[in-house]
Amino acid sequence: LAKTTQPISMDSYEGQEVNITCSHNNIATNDYITWYQQFPSQGPRFIIQGYKTKVTNEVASLFIPADRKSSTLSLPRVSLSDTAVYYCLVGDYTNAGKSTFGDGTTLTVKP
Amino acid sequence: AAGVIQSPRHLIKEKRETATLKCYPIPRHDTVYWYQQGPGQDPQFLISFYEKMQSDKGSIPDRFSAQQFSDYHSELNMSSLELGDSALYFCASATSGRYEQYFGPGTRLTVT
């Protein structure tokens, strides 16, 4: 299973774009990259998933370079309610459970 | 849209007692995962089921067992509870062949 590395914490201000990068040097050919958001005392919430290049949905964009050894979650115009822990997971459906929630990134959005 | 349902939401037990946590996956989801999250920690994978069979096992203590039933709901049975078992327990469901998981609201277990 690919190990992931993310910054422990990030600060931002309301209205700014936030980019959180995840390193996954040992990503396997079949692996997908998935990001989750977690608020205190709540279950993680699926944000976005990608395999290569760029994926965009209504809440975020995910940029994946050609070598797939890293990925960047982009949150446009963050608000106070985006303050949460963000986790990057790498794996496929055969090992989804063991794609462990490692040290996520605590994003703090300030007014 | 229907979400994952977990019951109970809160549970208080004493040491050495048993507890049963229930999880009802999103309709048509055939895979269930269980996680334990201690205070200030990241979710830790315990066990998963696909089509009522155990599909993967993580750091689940021998005192814990789980199963998935014919209606796809799952139960996590915990015996000889210890103070260290106090945590949030999350269940997540997924569709086979898909990597993303959808989490329930969790059960907060407090062992006194």
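Residues numbered from 1 in each chain as written. Chains lettered and ligands numbered in written order. Predicted model: local features only at pLDDT ≥ 70, side-chain atom pairs only at ≥ 80, totals over all residues. Heavy atoms only, no water.

Re the sheet that holds strand β6 (residues 61–64) of chain A
Residue and element names in this part refer to chain A.
Okay, step 1: Here four strands make up an open sheet; going across it, the order is β2-β7-β6-β5 and the pairing antiparallel. Either end of the sheet is taken by a strand with one partner, and the two such strands are β2 (18–23) and β5 (53–56). If you compare each strand with its neighbour and ignore which way they point, the axes differ by 15° on average.
Okay, step 2: Pairing of β5 with β6 involves four bridges; the strand directions are antiparallel. The partner of T53 across the bridge, within β6, is I64. (Pairing = 2+ DSSP bridges. Helix = DSSP H or I, 4+ residues; strand = E, 2+ residues; numbered from the N terminus. Axes fitted to C-alpha atoms, helices over the stretch in contact; angles between N-to-C directions.)

Structural notes on unusual backbone geometry
Leave glycine aside and you will find that most residues have negative phi; peptide bonds, for their part, are mostly trans.
All names here are of chain B.
Okay, step 1: Looking along the chain, the bond that leaves S7 and enters P8 is cis, with omega of -10°.
Okay, step 2: For E51, which is not glycine, the phi dihedral falls at a positive 50°.
Okay, step 3: Structurally, the position occupied by E51 is in the loop between β5 (44–50) and β6 (53–57).
Okay, step 4: On the accessibility criterion, E51 (29% relative accessible area) is partly exposed. (Buried < 20%, exposed > 50% of the residue type's maximum accessible area, 1.4 Å probe, protein only.)

As for the interface of chain B and chain A
Okay, step 1: The partner chain A presents 26 residues to the 21 residues of chain B that form the contact.
Okay, step 2: Linking chain B to chain A there are five residue pairs in polar contact (both at pLDDT 80 or more).
Okay, step 3: For the side of chain B that touches chain A, the secondary-structure elements that each account for two or more residues are β4 (31–37), β6, β9 (87–94) and β10 (102–103) of chain B.
Okay, step 4: At three residues, the largest contribution of residues to the side of chain B that touches chain A is made by β4(B). (Contact = heavy atoms within 4.5 Å. Polar contact = N/O pair within 3.5 Å; in protein donor to acceptor, adjacent residues only side chain to side chain.)

Side note on the nonpolar core
Okay, step 1: Within the largest apolar cluster, 22 residues are counted, with the highest numbers of intra-cluster contacts made by L21(B), W34(B), L76(B), M78(B) and Y89(B).
Okay, step 2: At the level of elements, β3 (19–24), β4, β5, β7 (64–68), β8 (74–78), β9 and β11 (107–111) of chain B are the ones that each hand at least two residues to this core.
Okay, step 3: Apart from the residues lying within four places of it in its own chain, the contact partners of M78(B) are E17(B), T18(B), A19(B), L21(B), R63(B), F64(B), Y89(B) and L109(B).
Okay, step 4: The next biggest cluster of nonpolar side chains, apart from the first, holds 20 residues, and it includes I47(A), L73(A), L75(A) and L107(A). (Core = buried A, V, L, I, M, F, W, Y, C linked by side-chain atoms within 4.5 Å.)

What to know about the sheet that holds strand β1 (residues 9–13) of chain A
Residues and elements named next belong to chain A.
Okay, step 1: Read across the sheet, five strands follow the order β1-β9-β8-β3-β4 without closing on themselves; strand pairing throughout is mixed. Either end of the sheet is taken by a strand with one partner, and the two such strands are β1 and β4 (45–50). Adjacent strand axes in the sheet meet at a mean angle of 25° when their direction is disregarded.

Some thoughts on the state of the cysteines
Okay, step 1: For the structure shown, the criterion picks out two disulfides over all chains.
Okay, step 2: Bridging C22(A) to C88(A), the disulfide has an S-S length of 2.2 Å. Residues C22(A) and C88(A) are joined by a disulfide whose S-S torsion is about -80°; by sign, that bridge is left-handed. A residue pair is termed long-range when its members are at least 10 positions apart, and C22(A) in strand β2 and C88(A) in strand β8 (residues 84–91) qualify at 66 residues.
Okay, step 3: Residue C22(A) is classed as buried on the basis of its relative accessible area of 0%.
Okay, step 4: Across a sulfur-sulfur distance of 1.7 Å, C23(B) and C91(B) are joined as a disulfide pair. Judged by the sign of its S-S torsion, about -50°, the bond between C23(B) and C91(B) is left-handed. Residue C23(B) is located in strand β3, and its partner C91(B) is located in strand β9; the two are separated by 68 residues in the primary sequence.
Okay, step 5: Look at C23(B) and you get buried, because its relative accessible area is 0%. (Disulfide = S-S within 2.5 Å.)

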